[in-house]
Amino acid sequence: MARARKATSVARPVTWKDVCALARALPETAVSTSYGTPSLKVKGKFLLRLKEDGETLAMRMGFLDRDLLMRAAPRTFYITDHYRDYPAVLVRLATVDRSQLAELLENAWRLVAPQRVVKEFDAAR
């Protein structure tokens, strides 16, 4: 679980291009589309997508981790009724810390990547 950080002003907001650059470090991750928006998938499985507003990510995440993040930094992490029963959190790119996003992205990747790929990734570190 990524440690929750209080939302602070971010020097430069994270962009979709930044998210894709962070994802390049994670094996089997590819740029795709979901619901007509840019997304990242791992071997075809949903990892995250850029919401229609172009400023928010919908990211795969377990319910407990999601609840902890939303309590710690509600300005950055939230859900709508649509996501209440889905293991995902909404992330405001304008306020998320880049290093925290990298950690959350890797955690989300570990949820959907095949175990073999995760083991190879860990062994290579």
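Rules and cut-offs
- Residues numbered from 1 in each chain as written.
- Predicted model: local features only at pLDDT ≥ 70, side-chain atom pairs only at ≥ 80, totals over all residues.
- Heavy atoms only, no water.
- Helix = DSSP H or I, 4+ residues; strand = E, 2+ residues; numbered from the N terminus.
- Buried < 20%, exposed > 50% of the residue type's maximum accessible area, 1.4 Å probe, protein only.
- Arc of directions from axis to C-beta.
- Contact = heavy atoms within 4.5 Å.
- Pairing = 2+ DSSP bridges.
- Axes fitted to C-alpha atoms, helices over the stretch in contact; angles between N-to-C directions.

Engineer: Where do I start with the environment of arginine 66 in this structure?
Structural biologist: Mapped onto the secondary structure, arginine 66 falls in helix 2 (residues 63-72). On the accessibility criterion, arginine 66 (4% relative accessible area) is buried.

Engineer: What is the right way to read helix 4 (residues 115-124) from this model?
Structural biologist: An α-helical turn contains 3.6 residues, so any two residues separated by three or four positions project in the same direction. All of the buried residues along helix 4 are Val117, Val118 and Phe121. All buried residues of helix 4 fall inside an arc of 100° around its axis, so they share one side. Of the residues in helix 4, the exposed ones pointing more than 90 degrees away from the buried face are Gln115, Lys119 and Ala123. Looking at the buried side of helix 4, the elements it contacts are helix 3 (98-112).

Engineer: Hey, could you run me through the sheet that holds strand 5 (residues 77-78) in this one?
Structural biologist: Strand pairing in a sheet takes place through backbone hydrogen bonds and is either antiparallel or parallel in direction. Taken in spatial order, the 6 strands of this open sheet run 1-2-3-4-6-5, and their pairing is antiparallel. For this open sheet the edge positions go to strand 1 (29-34) and strand 5, each flanked by a neighbour on one side alone. Judged from the 6 bridges that link them, strand 1 and strand 2 (residues 37-42) form a sheet pairing that is antiparallel. Bridging from a neighbouring strand, alanine 30 pairs with lysine 41 of strand 2. Against the sheet, helix 3 engages strand 1, strand 2, strand 3 (45-50), strand 4 (56-60) and strand 5, with an angle of about 40° to strand 4.

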